[in-house]
Every structure is written in C-alpha cells, then in structure tokens.
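One letter stands for each residue in the lines below.
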Amino acid sequence: MQKHLTLGFSPCPNDTFIFHALATGLIPWAGGLDVTLADVEELNGLAASGKLDVVKVSTAAAAGILDEYVLLRAGGAMGYGAGPVLVAGEGRTLHSLDGGTVAIPGERTTANLIFGLCCREAGISVTRTPMVFDEVMPAVEAGRADAGVVIHEGRFTFADRGLVRVLDLGAWWEAHTGLPIPLGAIAIKRSLGEETARRMNEAIRQSLLFARNEPEAGRNYIREHAQELSEAVVQTHIETFVTDYSLDAGEAGVQAVSRLLAEAGCTRKDMFITL
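Here the structure is a predicted model, which is why all the values come from computation and not from measurement.

Definitions and limits used
- Residues numbered from 1 in each chain as written.
- Predicted model: local features only at pLDDT ≥ 70, side-chain atom pairs only at ≥ 80, totals over all residues.
- Heavy atoms only, no water.
- Buried < 20%, exposed > 50% of the residue type's maximum accessible area, 1.4 Å probe, protein only.
- Helix = DSSP H or I, 4+ residues; strand = E, 2+ residues; numbered from the N terminus.
- Contact = heavy atoms within 4.5 Å.
- Pairing = 2+ DSSP bridges.
- Core = buried A, V, L, I, M, F, W, Y, C linked by side-chain atoms within 4.5 Å.
- Polar contact = N/O pair within 3.5 Å; in protein donor to acceptor, adjacent residues only side chain to side chain.

Attention shifts here to helix 2 (residues 40–48). Of all the positions in helix 2, only Val 40, Glu 41, Leu 43, Asn 44, Leu 46 and Ala 47 are classed as buried. The inward-facing, buried residues of helix 2 abut strand 1 (5–9), strand 3 (54–58) and strand 4 (69–71). Immediately downstream of helix 2, the backbone of Gly 50 shows phi near 70 degrees, a positive value.

If you want it as structure tokens, here you go:
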C-alpha cells in the first residue's frame, strides 16, 4: 500500500516539467502527496532537518543527509553543458577576484562546491556571500559583489544584464572529470523502505515520460511558477536541464555523483536506491 508522502521540488521549469503530472495526479500516487515548491537552498535546508519525505536537493547537499535519505535514480538535473556560470562586469578574470566578494546561490549548492574547487585549484581566496539565486545578478550589477555564481535561467540571461562570463563552472568540471555535472538529485527517506523508494522512482519516471509525450498538458503549470521568464528561456531551461539522466542516472551519473560527493567528504557506497 502506498503511503501518504510530502514532496518538495523547486519552481524552476525543469522541476515543474518533470513533476507536473505526479504533483497534479495525472500520474497517481495512491497514498496522496502534499507538495511544497521552494528555492533550492530552502529545499536543502528542509532536507537537512528531515521535514520532507521526498525532496529535490543540490547534489552537494546530499553529502549531509545520506544517513537519513537515499537518492533516487530518476528526477535529477544532470548533464553536459548545463553547469553554473561565474559572471561579473567587463574585464574581470578569476584571478582578479582574489580577496574579493562573490555572491553564491546558497552554501549547500553544487554551484558553491564546484566554485570552491575552482578557487582552490587557482590558488585564490574569496569571501562568498550566500543569497537566493535570483538575487545574485542584481547584487553584482549593484556592486554589492565583485562577481556571482549563477544557476538555473541565469545561465541564459546574464548577458542581458551587461554581465560577462568569467568561467563556465560546468565546463571546468567536465574537463577535469570527463563526467556529466550532477547539479541536483531526488532524495527519499530511508525509513520509508526500499519498495516505496522504488515505486516513487518509477512514478517520477512516468511523470517525466508523460511530460515528454504530452508537452502541452503541463504548460500552464510551468508558466505559473516560471515568474517573468520568457517562453524561449523556459523552453531552453527545460531542454538544458532535463536530460536522459533525469530518467535514470545510469552508470555515468552514479560515478559523477560519487565523485562530487567525495569532494564534499562523503564516500559512502549506498547513496542510490537499488532497482
């Protein structure tokens, strides 16, 4: 028998595209779902406090919750050419930021972890100021930060604000590892049991397949949560962050997550459910 569960994901187009059918009952979960939509760093905090049964988290944040949660193989954000970007005003380089201030989209985000790895390799030290992801570019524009790490649609819109790309952090990761960049993953409480975890994994897969087969069905739901994003940016967002790895992380995806979490100090072997 399916249990009543709490489910959390972000309002970003990739998540609403994947979860629309499940969240609205087009893909049924017999026990019922209470759905929470929140910024990724808020979701990381909810997972850290164990307040949601199933939750989208930054992959980096998974390092701190794996005693209580296990990762599903479906529903995540992972791929090539999809990583965060370090942006600033004209003339900035990575080394010119040494001693400066960089706005980051939350301390527990994958973007922050990878940016830290880049700084370590470059031998520079910066003050990182965490904020909600959509506050990063305004902070750089206003001079409250020397640079910013942008995620989500910021990857596609920073030039519209007169900012330039200092470093593509996703490309840096891919060049150093040869692996896709594992941005986010879906975690489920271990206490719910393996069977519930497998059923939820399959329900998320079916929700994504439904979205791909019936793209018009979720359009209003996606637009409702996409704020002021243009139709073109919404579509590009989905095409970039929803990949075949979102259906199943696969061997390369598992390797990518393991590599990233090792950088965060987590080396446990049972991070993913078994199918």
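Now, onward.
Summarising burial for strand 11 (residues 181–189): nine of the nine residues are buried, a large majority. The pairing of strand 3 with strand 11 spans five bridges and is classified as antiparallel. Pairing of Val 57 across the sheet is with Ala 185, part of strand 11. Across three bridges, strand 4 lies against strand 11 in antiparallel orientation. Paired with Val 70 across the two strands is Ile 188, which belongs to strand 11. Two strands pair when backbone bridges link them, and strand 5 (residues 77–79) and strand 11 are joined in this way by three bridges, in the antiparallel orientation. Following the sheet pairing, Ala 77 is matched in strand 11 by Gly 184.

Turning to the nonpolar core, a few remarks are in order. Leu 86, Val 102, Ile 114, Phe 115 and Val 149 are the most contacted members of the largest nonpolar core, which has 35 residues in total. Broken down by element, this core gets its largest block of residues, eight residues, from helix 3 (residues 110–122). Not counting residues within four places of it along the chain, the set of residues in contact with Val 149 comprises Pro 84, Val 85, Leu 86, Val 102, Ala 103, Ile 104, Pro 105, Ala 111, Phe 115, Val 136 and Leu 169. Counting 33 residues, the second-largest nonpolar core is a separate cluster that includes Trp 29, Leu 192, Leu 229 and Leu 247.

Another point: the side chain of Asn 14. In this structure, Asn 14 sits in helix 1 (residues 13–23). Engagement of the side chain of Asn 14 in a polar contact is seen with the side chain of Asp 15, the distance being 3.5 Å. Once residues lying within four places of it in the same chain are set aside, the contact partners of Asn 14 are Lys 56, Ala 77, His 237, Ile 238, Phe 241 and Val 242.

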